[in-house]
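Coordinate inspection notes
Listed here are the chains, written in short residue letters.
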Amino acid sequence: MSSVNLSRFQFSGGENAAPIENLAALPREDQERLVLAGIDVNDSTASGAFMQLNHAGVHCETRHEGLDLMDIRTALKKFDGLPQYYWKLLNPEKDEFTRMAQEHCNGGYFVRARKGVKIAQPVQSCMFIKGHGAGQSIHNIVIVEEGAELHILGGCATAHDANDAAHLGVTEYYVEKGGKLTFTMIHNWGSSTTVRPRSAGIVEAGGEFQNNYILLKPVGDLQMYPTMTLAGSGAVARFNSVVVAPTGSHVDCGNRIDLAAPDTRGEIISRVVTTGGTVINRGFIGASAAPAKGHLECKGLILGGGRMHAIPELDSNQDGVELSHEAAVGKIAQEEIEYLMARGLDEDEAAATIVRGFLNVDIMGLPAPLKKAMDEQISLLEAGNAM
């Protein structure tokens with residue numbers, strides 16, 4: 001793990017930043033950065049919207065009955081410290097980043113879908129950093145009560161002037177019996193940003209959790225390893241990741257699923273490309289109950305240099321468990337290029353087609369505007385790095 005000197009970042013001050021009633025009033029350059037993090041400030045169809053700017057929650061609104069959305073500090077006061085949820089899935093003493101998040105929590109959100117409420121349109125949540133040397137330390141809690149459904153579209157970004165910034169993010173997910181949570185996270189950090197999310201969740205009987213993660217832009221140093229525990233019969237968890245690491249980026253990412261109840265299923269699918277950066281791609285599925293099924297697929301593509309390290313792990317001591325994995329790292333095969341060229345494409349077009357197919361975000365079920373933005377970013381990748 002890369003060492004980080006947290007003392008060089010400013011994790012306090014600015015808590016009383018003025019609220020932003022209308023996110024469309026943000027400067028155009030900020031809006032452009034947010035769009036590439038999946039946040040459309042002009043989208044009036046979202047079920048709710050939350051924005052954290054450095055150390056302050058500056059915008060929060062809900063548009064759906066049965067949806068609770070507020071700053072985490074407001075929620076802690078309103079609900080007597082959230083004793084059932086706050087720091088229950090993660091240990092604040094886990095490392096220096098969780099300790100900082102506990103000691104200097106300067107925001108984050110609390111979102112809850114009430115029992116039986118099905119919220120079709122996503123809730124937009126945005127973590128935004130501006131300025132030099134800014135540190136952002138947040139704690140999020142997501143609750144999907146029994147039989148409810150919720151989709152959160154989370155965007156994290158830095159402004160153009162945010163140099164040498166840091167983001168520490170703790171998130172705890174709770175999916176109750178028969179609930180369904182889809183969490184889509186898009187990162188648009190800067191090339192000098194240090195990012196340390198720490199996330200964990202629990203899924204009860206018959207619940208479903210799907211996590212989509214997209215990183216297509218440079219980041220300085222990112223390390224994350226969210227863990228989901230399937231604690232009830234019939235629970236399901238899926239992780240889908242699309243990661244691109246340009247020159248200068250260091251990305252240590254992965255996912256863990258613990259199949260801790262019978263008839264549970266877990267799936268981890270990752271597509272990772274390095275165009276000069278370093279990527280450590282981890283994945284773990286463990287089963288302590290049976291029957292249970294899990295599949296892990298880590299595939300990496302090297303374009304124009306860089307380093308890729310894939311670490312898939314499966315673990316169980318139970319009869320009746322089916323766990324499988326596929327892991328592959330390599331460059332575009334020449335026979336694939338030749339196959340497409342034989343059908344009328346030139347060499348660059350053939351390579352670009354292969355990259356686009358490899359970085360397939362269709363499986364994530366993204367909203368149309370976000371899908372369009374992702375396609376545009378992939379097209380830029382193809383044009384610049386396909387060969």
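Everything that follows concerns the structure shown earlier in this document.
The paragraphs below set out a description of the structure included in this document. Computed from a predicted structure; not experimentally measured. (Residues numbered from 1 in each chain as written. Predicted model: local features only at pLDDT ≥ 70, side-chain atom pairs only at ≥ 80, totals over all residues. Heavy atoms only, no water.)

Some details on the pattern of salt bridges
We apply this condition: Whenever Lys or Arg places a side-chain nitrogen within 4 Å of a carboxyl oxygen from Asp or Glu, that contact is recorded as a salt bridge. Working definition: with a 1.4 Å probe on protein chains only, accessible area under 20% of the residue-type maximum means buried, over 50% means exposed, and in between means partly exposed.
Under the definition given, this model contains 14 salt bridges. Linking Asp71 and Arg73 is a salt bridge whose minimum nitrogen-to-oxygen distance equals 3.2 Å. Given the relative accessible area of 12%, Asp71 is considered buried. The partner of Arg256 in a salt bridge is Asp258, and the shortest N-O contact between them spans 3.1 Å. Relative accessible area serves as the criterion here: at 26%, Arg256 is assigned to the partly exposed category. Salt bridges sharing partners connect three or more residues here, namely Arg271, Glu297, Lys299 and Glu326.

Section: the pairing of strand S3 (residues 67-71)
Taken residue by residue, a regular strand's side chains alternate between the two faces of the sheet. Selection criterion: Secondary structure is summarised from DSSP: a helix means a run of H or I of at least four residues, a strand means a run of E of at least two, and numbering begins at the N terminus for each. At least two bridges found by DSSP between two strands are what make those strands a pair.
Burial runs high along S3: 5 of the 5 residues are buried. By the bridge criterion, 5 bridges tie S3 to strand S4 (residues 109-113) in an arrangement that is antiparallel. Opposite Asp68, over in S4, you have Arg112 as the bridge partner.

Considerations on the nonpolar core
The line we're drawing: To qualify as a nonpolar core, a set must consist of buried Ala, Val, Leu, Ile, Met, Phe, Trp, Tyr and Cys residues joined through side-chain atoms within 4.5 Å.
Of all hydrophobic cores here, the largest spans 56 residues; its most connected members are Tyr109, Leu150, Leu222 and Val251. In this structure, Ile214, Val273, Ile354 and Phe358 belong to the second largest nonpolar core, which totals 19 residues.

Overview of the sheet that holds strand S2 (residues 56-62)
Defined as follows: Interaxial angle, 0 to 180 degrees, is taken between N-to-C directions of lines fitted to C-alpha atoms, where a helix line uses only the stretch in contact. Contacts were defined at the residue level, with two residues in contact if any of their heavy atoms lie within 4.5 Å.
Read across the open sheet, the 10 strands follow the order S2-S1-S5-S7-S9-S11-S14-S16-S18-S20; overall the sheet is mixed. In this open sheet, the two edge strands, each paired with only one partner strand, are S2 and strand S20 (321-330). The sheet shows a mean angle of 5 degrees between the axes of neighbouring strands, taken without regard to direction. Pairing of strand S11 (residues 208-215) with strand S14 (residues 236-246), which is carried by 8 bridges, proceeds in the parallel orientation. Within S14, the residue paired with Asn211 across the bridge is Phe239. Each of strand S1 (48-53), strand S5 (123-129), strand S7 (149-158) and strand S9 (180-188) is contacted by helix H1 (residues 28-35), which is oriented at about 120 degrees to S5, the strand it contacts most. Where helix H5 (residues 347-358) meets the sheet, it contacts strand S16 (264-275) and strand S18 (292-302), and its direction lies at approximately 155 degrees from that of S18.

A short note on the packing of aromatic side chains
Selection rule: Each aromatic pair joins two rings of Phe, Tyr and Trp (for Trp, the six-membered one) with centres within 6.5 Å, and gets the label stacked for planes under 30 degrees apart, edge-to-face for over 60, and tilted for any other angle.
Using the criterion set out here, one finds 8 aromatic pairs in the structure. Ring centres of Tyr85 and Tyr174 lie 4.8 Å apart, and the angle between their planes is 75 degrees; on these two criteria the pair is classed as edge-to-face. Linking Tyr85 in the loop between helix H2 (72-78) and helix H3 (96-103) with Tyr174 in strand S8 (residues 166-175), this pair joins segments that are 89 residues apart in sequence. Taking the relative accessible area as the measure of exposure, Tyr85 reaches 11% and is therefore buried. What makes Tyr174 buried here is its relative accessible area of 9%. An aromatic cluster is defined as three or more aromatic residues linked by ring pairs; in this entry it consists of Tyr173, Phe183, Phe209 and Phe239.

Details of H5
Selection criterion: Here a helix's expected span is defined as the number of its residues, less one, multiplied by 1.5 Å. Under this definition, polar contacts are N or O atom pairs within 3.5 Å; protein pairs additionally need one hydrogen-donor-capable and one acceptor-capable atom, and for neighbouring residues in sequence, both atoms have to be side-chain atoms.
For H5, spanning 12 residues, the distance from its first C-alpha to its last is 17 Å, which sits close to the expected 16 Å at 1.5 Å a residue. Looking only at H5, the buried set comprises Ala350, Ala351, Ala352, Ile354, Val355 and Phe358. A side-chain oxygen of the first residue of H5 lies 2.7 Å from the backbone nitrogen of Glu349; this N-cap is Asp346.

Some remarks on H1
Spelled out, the test is: Each direction from the helix axis to a C-beta atom contributes to the arc, which is the arc of those directions.
Of all the positions in H1, only Asp30, Gln31, Arg33 and Leu34 are classed as buried. Down the axis of H1, the sector holding all buried residues measures 160 degrees, keeping them to one side. Against S1, S5, S7 and S9 lie the buried residues of H1.

Notes on the packing of helix H4 (residues 334-341) against H5
Note the threshold: Should the near helix be turned counterclockwise from the far one by less than a right angle, the crossing is left-handed, whereas a clockwise turn marks it as right-handed. Side-chain classes follow a simple rule in which Ala, Val, Leu, Ile, Met, Phe, Trp, Tyr, Cys and Pro form the nonpolar group, Asp, Glu, Lys and Arg form the charged group, and the remainder, Gly included, forms the polar group.
Put simply, H4 and H5 touch, their axes get as near as 9 Å, and they point 115 degrees apart. Judged by the twist between their axes, the crossing of H4 over H5 is right-handed. For the pair H4 and H5, contact is made by Glu336, Ile337, Leu340 and Met341 and by Glu347, Ala350, Ala351, Thr353 and Ile354, respectively. Class assignment of the residues belonging to the contact of H4 with H5 gives a composition of 6 nonpolar, 1 polar and 2 charged.

Considering the side chain of Glu172
Put simply, the rule is: Charged residues are defined narrowly, with Lys and Arg counted positive, Asp and Glu counted negative, and His plus the chain ends left uncounted.
If you trace the backbone, Glu172 turns up in strand S8. Of the side chains bearing the opposite charge, Lys88 lies closest to the buried Glu172, which forms no salt bridge; the N-O distance is 8.5 Å. Looking at Glu172, its side chain comes within polar contact range of the main-chain nitrogen of Leu89, at 2.8 Å. A distance of 2.8 Å separates the side chain of Glu172 from the side chain of His139, its partner in a polar contact. Residues contacting Glu172, with those up to four places away along its chain left out, are Tyr85, Tyr86, Trp87, Lys88, Leu89, Leu90, His139, Asn140, Ile141, Val142 and Ala200.

What about the environment of Ser125?
Assignment of secondary structure puts Ser125 in strand S5. Given the relative accessible area of 5%, Ser125 is considered buried. Separated by 67 residues in the primary sequence, Ser125 and Val58 place their C-alpha atoms 12 Å from one another.

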